Amino acid sequence: MFKSNELKVGFLALITFLILYFGFNFLKGNDLFTRSNLYYVEYDNVDGLQVSNPVMMNGIEVGKVKEVKLQPDKSNKILVTLRLNKDLHLKDQTSVVLADGALLGGKIILINLAGTKELPEGSFIKGTTEIGLTNLLKERAIPVISNADSLLVSFRAISKRFEKTGDYLNTLLQNSNEAVVGLNGS
């Protein structure tokens, strides 16, 4: 089929480049063989949301986060681009919730469908943030830590009062020993 070695090497390099390109995009979470629509959400803080994190609806993955970009011209709001399946038809009052996806802090986006009219591709969706498990633990832990700190201060104050008690007990025992020896002698 190929007559010269240069042509064989060039063809092999082209095939290698294509496999590398498609493999790298696949590992980034870009599925090149499915059709998708793009939608946008703005957040003040995304708490570690990353590209290729899942977008879920009713427990099923319906897309991925395509891009997370800072917008300095809009008071540092964060623009999140969502790539959703073409089959999914969003309604005009749909909202998305940024939530904890795992115990270790992975983030996911949950879609809540609402409304009657269909939302066109490229539209902005209203975004909210859910208080995650880690934030809830932080809120609960701060009062406990401050109480433990005040308890430690109180314990130190009480232990200072008992600092001389050992000396007093030693003198008391020594005096009682002398009294018993004096009683035995008389």
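Up top is the structure these notes are about.
Residues numbered from 1 in each chain as written. Predicted model: local features only at pLDDT ≥ 70, side-chain atom pairs only at ≥ 80, totals over all residues. Heavy atoms only, no water.

What am I meant to see in the sheet that holds strand 6 (residues 107-112) here?
Strands pair in a sheet through their backbones, by hydrogen bonds, and they do so in one of two ways: parallel or antiparallel. As summarised here, the arrangement of the seven strands in space is 1-4-3-2-6-5-7, forming a closed barrel in which the pairing is mixed. In this sheet, adjacent strand axes meet at a mean angle of 35° when their direction is disregarded. Here strand 2 (residues 54-57) pairs with strand 6 via two bridges, running parallel. Each residue of the ladder has a partner; that of Met 56, found in strand 6, is Leu 110. (Pairing = 2+ DSSP bridges. Helix = DSSP H or I, 4+ residues; strand = E, 2+ residues; numbered from the N terminus. Axes fitted to C-alpha atoms, helices over the stretch in contact; angles between N-to-C directions.)

It is not clear to me how the environment of Lys 107 should be interpreted in this structure. Could you clarify?
Turning to its location among the elements, Lys 107 is positioned in strand 6. C-alpha of Lys 107 to C-alpha of Ile 158: the two residues are 51 residues apart in sequence and 47 Å apart in space. In contact with Lys 107, not counting residues within four places along its chain, are Val 46, Asp 47, Gly 48, Leu 49, Asn 53, Pro 54, Leu 98, Ala 99, Asp 100 and Gly 101. (Contact = heavy atoms within 4.5 Å.)

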